[in-house]
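# A structural walkthrough
Each chain, letter by letter, is given below.
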Amino acid sequence: MSFSNDTTLKLDSRPEVPRTVVANASGEMAAGEEIKTATVGQVTVANPVMSARTVNVHYGEKHAIKDVSIDVANNSVIAFIGPSGCGKSTFLRCLNRMNDTIENARVEGLITLDGNDIYDRRQDVVQLRARVGMVFQKPNPFPKSIYENVAYGPRIHGLVTSRADLDEIVQTSLRKAGLWEEVKDRLDGPGTGLSGGQQQRLCIARAIAVDPEVILMDEPCSALDPIATAKVEDLIDELRENYAIVIVTHNMQQAARVSQRTAYFHLGELIEVGPTDQIFTNPRHRLTEDYITGRFG
Amino acid sequence: MSRSASADEQRRARVAASLKRRYGAERRFRLYGQLAVLVGLGFVALLFVSIFSKGYSAFEQTYVRVDVNYDPEVLDPAGTRKPEDLADGDYGAIVKAALRATAPEVESRAELKQLYALASNSAPRALQARIAADPTLLGRRESVWVLASDHVDQIVKGYIRRDESEESRGVTDLQIKWIDALRAKGALERRFNRQFFSGGDSREPEQAGVAGAVVGSFFTLLVTLLLSFPIGVAAAVYLEEFAPKNRYTDFIEVNINNLAAVPSIVFGLLGLAVFVQFFGLPRSVPLVGGLVLTLMTLPTIIIASRAALKAVPPSIREAALGMGASRVQAIVHHVLPLAMPGMMTGGILGMARALGESAPLLLIGMVAFIVDVPRRLTDPSTVLPVQVYLWARSSERAFVERTSGAIIVLLVFLLVMNGLAVLLRSRFERRW
Ligand SMILES: Nc1ncnc2c1ncn2[C@@H]1O[C@H](COP(=O)(O)OP(=O)(O)OP(=O)(O)O)[C@@H](O)[C@H]1O
Ligand SMILES: [Mg+2]
């Protein structure tokens, strides 16, 4: 294992580096900025959709995310991996401000979407969540019809004016989610009457119906069997053409299969980020290596 | 580790022994449960049997047939035939004459008085109504069934025993003789008691009805429902979904739980002080009764609604919020529909309790003797449980069966209300 620079010292003996975000006056990230970070690997990308800089999250006293900086690239999949409780979900939920709904959660740092601070007071969370969609670990379709599930987003955001437009959106979303053939004859049937894998694809269809820019997925396949998982993975690979996707997974093979970049979290810190094949074949940090070789976690 | 055969044997024997004990305990436990249910059902059955056996006879009333001569000399001495003059006629004399005709042998004033007492004192009014409806009856004769007095009714129904002394039964030997004679002639009959369902309260048992109390209960509950359900649900939604969790909301929560346990009569006192004395609303009216019962049922509804909201899986909220729904949208579109059946169950329980409540209503004066059936929320009225209480307190024997009759009506009211609510709830319930 090769340590390329001094920021990759062992965690416990890491020197206190001042972690300041270099940003220009308007709050936008400067191109080619210098980021002081303890993370090994390449945290920045060219033209990121979303960027996080020195993000810290506290749940009351608990410091759940520590100085995480990372970019999310367009038209690609980034996988978050790491042992249970390391803060993957917490960080993911920062990206569309779902942590706002948790009473004692406190988020600090800068997170931008297309260069605009999403925690800015002028940023409307409703609008943000229309642009950054989310798919949850457990399939959670609304207890309504399949049609209504997909139509809900476009409806509340006022994206359509006619029933025909809505039908169109529902159909294309279900098609993109690879569910159309299976449900086209039972659109009025209950969404919760589908199988687990179908439900999860319905949730994905629901998320893409509002045409977001980023889709966040928190362990989307953990409740699915291998066949359903394969379908969802294929789907993620297709969706990559149009969306930026962030996926949390406990399944190393899945991360290797679907993602272009992988980020390894450990105890609230972002240890290493890099191209997926490099992370899995040649991790640069010892903790990453320990984790992916199954020595702990 | 190698297993020894004898140790295995021993272990199996122990498990077998403990199994026997466990099954025994299970059987006993089931038996206790069945016994408890049986005892409960037994008491309910006893209650129903005793109430129905006592009360069903209130739905029938004894009528006596009299041959009436609508004598123009008596009814319209001036001969004007104007409706207002006809209404002023001496119908009492007509009834008396008709009764005299059933027992021509009676002469003395004392005996005549006993004879006249066979018919209810509402009989003249019944005849007056017939003439008002059809003035051409004047000068003609007809056979009319009029209400018998409550004593006659009680004798006919067997509630007053003939072997009692004259004073204690309130019916003279002579009257019993006439009653038997009338019965033999077929001029005394038990008929469906329409008055009981359409009339208001009365001092005369044979004329007393529950309609006033039923309508009063209906109005009171209407006010209670319209106020307590929306307010209760709104309060629950606010406390559960919006209010910050801090010392103040904890304090509010503790107080709501305490309020649910406050004796209802205290709410009556509060209502009397606030609505009647401070705001100057009238006493004895369903509007104020409903307000008081609203105070009483609110905590129940709030607690049930909060429990229903808590039971909605958080994943549904997350799904809605994750789609970019605002908090209100997430609640209105997804959480409330799922919580509605539970909230309605709370509402039903609250309403059922409010229907049976009498103590707080006594305090705001809904215990007054009111003959008219209320038409508005601000008409003085009483409610069913208070009517039961009023009749149970009355000394006339005929009120005993009426008390049970009113309880039956109360139970039916309750069943209808619950049935409607269950129907409504099942329409709200999502089967997926
Ligand atoms: N609402 C909360 N209140 C307090 N602490 C929380 C809360 N949610 C998460 N935590 C804590 O924050 C830490 C990170 O949690 P998080 O859910 O992000 O982990 P994770 O990496 O997603 O784990 P997993 O892989 O098991 O899902 C954990 O130690 C957890 O106990
Ligand atoms: Mg998680």
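Everything here concerns the structure above.
Residues numbered from 1 in each chain as written. Chains lettered and ligands numbered in written order. Predicted model: local features only at pLDDT ≥ 70, side-chain atom pairs only at ≥ 80, totals over all residues. Heavy atoms only, no water.

### Some words on the overall build of chain A
Across its full length, chain A holds ten helices and eleven strands. Taken over 297 residues, chain A has a buried fraction of 54%. Of all intrachain contacts in chain A linking residues separated by at least 6 positions in sequence, the fraction that spans at least 24 positions is 67%. With the model as given, the accessible surface of chain A reaches about 12,900 Å², and the carbon-plus-sulfur share is 47%. (Helix = DSSP H or I, 4+ residues; strand = E, 2+ residues; numbered from the N terminus. Buried < 20%, exposed > 50% of the residue type's maximum accessible area, 1.4 Å probe, protein only. Contact = heavy atoms within 4.5 Å. Areas by Shrake-Rupley, 256 points an atom, 1.4 Å probe, with all protein chains shown as cover.)

### Focus: the pairing of strand β3 (residues 62-73) of chain A
Residues and elements named next belong to chain A. Here eight bridges tie strand β2 (residues 48-59) to β3, and the two strands are oriented antiparallel to one another. Bridge pairing in β3 places Met50 opposite Val72. Linkage of β2 to β3, two consecutive antiparallel strands, is achieved through a turn of two residues, within which Gly60 is found at a positive phi near 60 degrees. (Pairing = 2+ DSSP bridges.)

### Focus: the site of ligand 1
Residue and element names in this part refer to chain A. What surrounds ligand 1 is a group of 13 residues, the closest being Ser84, Lys88, Ser89, Thr90 and His250. Interatomic distance of 2.8 Å between a backbone N/O atom of Gly85 and an oxygen atom of ligand 1. One of the backbone N or O atoms of Gly87 is found 2.9 Å from an oxygen atom in ligand 1. Taking 640 Å² as the accessible area of ligand 1 by itself, protein coverage stands at 66%. Of the residues contributing to the shell around ligand 1, the split by class is four nonpolar, six polar and three charged. (Near = heavy atom within 4 Å. Polar contact = N/O pair within 3.5 Å; in protein donor to acceptor, adjacent residues only side chain to side chain. Nonpolar A, V, L, I, M, F, W, Y, C, P; charged D, E, K, R; others polar.)

### Re helix α3 (residues 146-156) of chain A
Across the eleven residues that make up α3 of chain A, a large majority, nine, are buried. Listed in full, the buried residues belonging to α3 of chain A are Ile146, Tyr147, Asn149, Val150, Ala151, Tyr152, Gly153, Pro154 and Ile156 of chain A. Along its buried surface, α3 of chain A packs onto α4 (163-176), α5 (180-183) and α6 (196-208) of chain A together with α16 (327-355) of chain B.

### What to know about the pattern of salt bridges
Residues and elements named next belong to chain B. Under the definition given, this model contains 34 salt bridges over all chains. Salt-bridge contacts for Arg81 lead to Asp76; the nearest nitrogen and oxygen are separated by 3.5 Å. For Arg81, a relative accessible area of 49% corresponds to the partly exposed category. One connected set of salt bridges, linked through shared partners, spans Asp153, Lys157, Glu401 and Arg402. (Salt bridge = Lys/Arg side-chain N within 4 Å of Asp/Glu carboxyl O.)

### Concerning the sheet that holds strand β2 (residues 141-147) of chain B
Residues and elements named next belong to chain B. The strand order across the open sheet formed by three strands is β2-β1-β3, and the pairing between neighbours is antiparallel. Each edge of the open sheet carries a strand with a single partner, namely β2 and β3 (188-192). Recorded for the sheet is a direction-independent mean angle of 40 degrees between the axes of neighbouring strands. With five bridges joining them, strand β1 (residues 60-69) and β3 adopt antiparallel strand pairing. Note that in β3 the partner of Gln61 across the bridge is Arg191. Most of the contacts of helix α6 (residues 123-133) go to β2, to which it runs at about 135 degrees, and overall it touches β1 and β2. (Axes fitted to C-alpha atoms, helices over the stretch in contact; angles between N-to-C directions.)

### Here's the deal with the environment of Glu111 of chain B
Secondary-structure assignment places Glu111 of chain B in helix α5 (residues 109-116). When the C-alpha atoms of Glu111 of chain B and Val409 of chain B are compared, they prove to be 39 Å apart, with 298 residues separating the residues in sequence.

### Some details on the side chain of Ser122 of chain B
Residues and elements named next belong to chain B. Residue position: Ser122 is located in the loop between α5 and α6. On the accessibility criterion, Ser122 (11% relative accessible area) is buried. When sequence neighbours within four positions are dropped, the list of residues in contact with Ser122 reads Leu147 and Gln207.

### Describing the interface of chain B and chain A
Size of an interface: often given as the accessible area lost when the parts come together. At the junction of the two partners, chain B supplies 19 residues and chain A supplies 23 residues. Roughly 1,900 Å² is buried in total at the junction of chain B and chain A, and carbon and sulfur atoms are behind 62% of that figure. Connecting chain B to chain A are one salt bridge. The partner of Arg93 of chain A in a salt bridge is Glu318 of chain B, with the nearest N and O atoms 2.8 Å apart. (Buried area = accessible area lost by both parts, 1.4 Å probe.)

### Brief notes about the sheet that holds strand β9 (residues 244-248) of chain A
Residue and element names in this part refer to chain A. Read across the sheet, seven strands follow the order β1-β11-β10-β4-β9-β8-β7 without closing on themselves; strand pairing throughout is mixed. In this open sheet, the two strands that pair with only one neighbour each are β1 (40-41) and β7 (132-135). Of the strand pairs in this sheet, β1 and strand β11 (residues 269-275) are connected by two bridges, and their pairing is parallel. Within the sheet, the bridge partner assigned to Gly41 lies in β11 and is Val273. α6 rests against β7 and β8 (214-218) of the sheet, and its axis sits at about 170 degrees to β7.

### Things to note about the packing of α6 of chain A against helix α7 (residues 226-239) of chain A
All names here are of chain A. Across the interface, α6 lies against α7 with an axial gap of 9 Å and an inter-helix angle of 20 degrees. Between α6 and α7, the interaxial angle falls into the category roughly parallel. Two packed elements cross with a definite hand, and for α6 against α7 that hand is right-handed. The residues of α7 that touch α6, namely those facing Gly197, Arg201, Ile204 and Ile208, are Ala228, Lys231, Val232, Leu235 and Leu239. Along the lines of polarity and charge, the residues of the contact of α6 with α7 split into six nonpolar, one polar and two charged. (Parallel < 35°, antiparallel > 145°, perpendicular 65-115°, else oblique. Left-handed = near helix turned anticlockwise from the far one by under 90°.)

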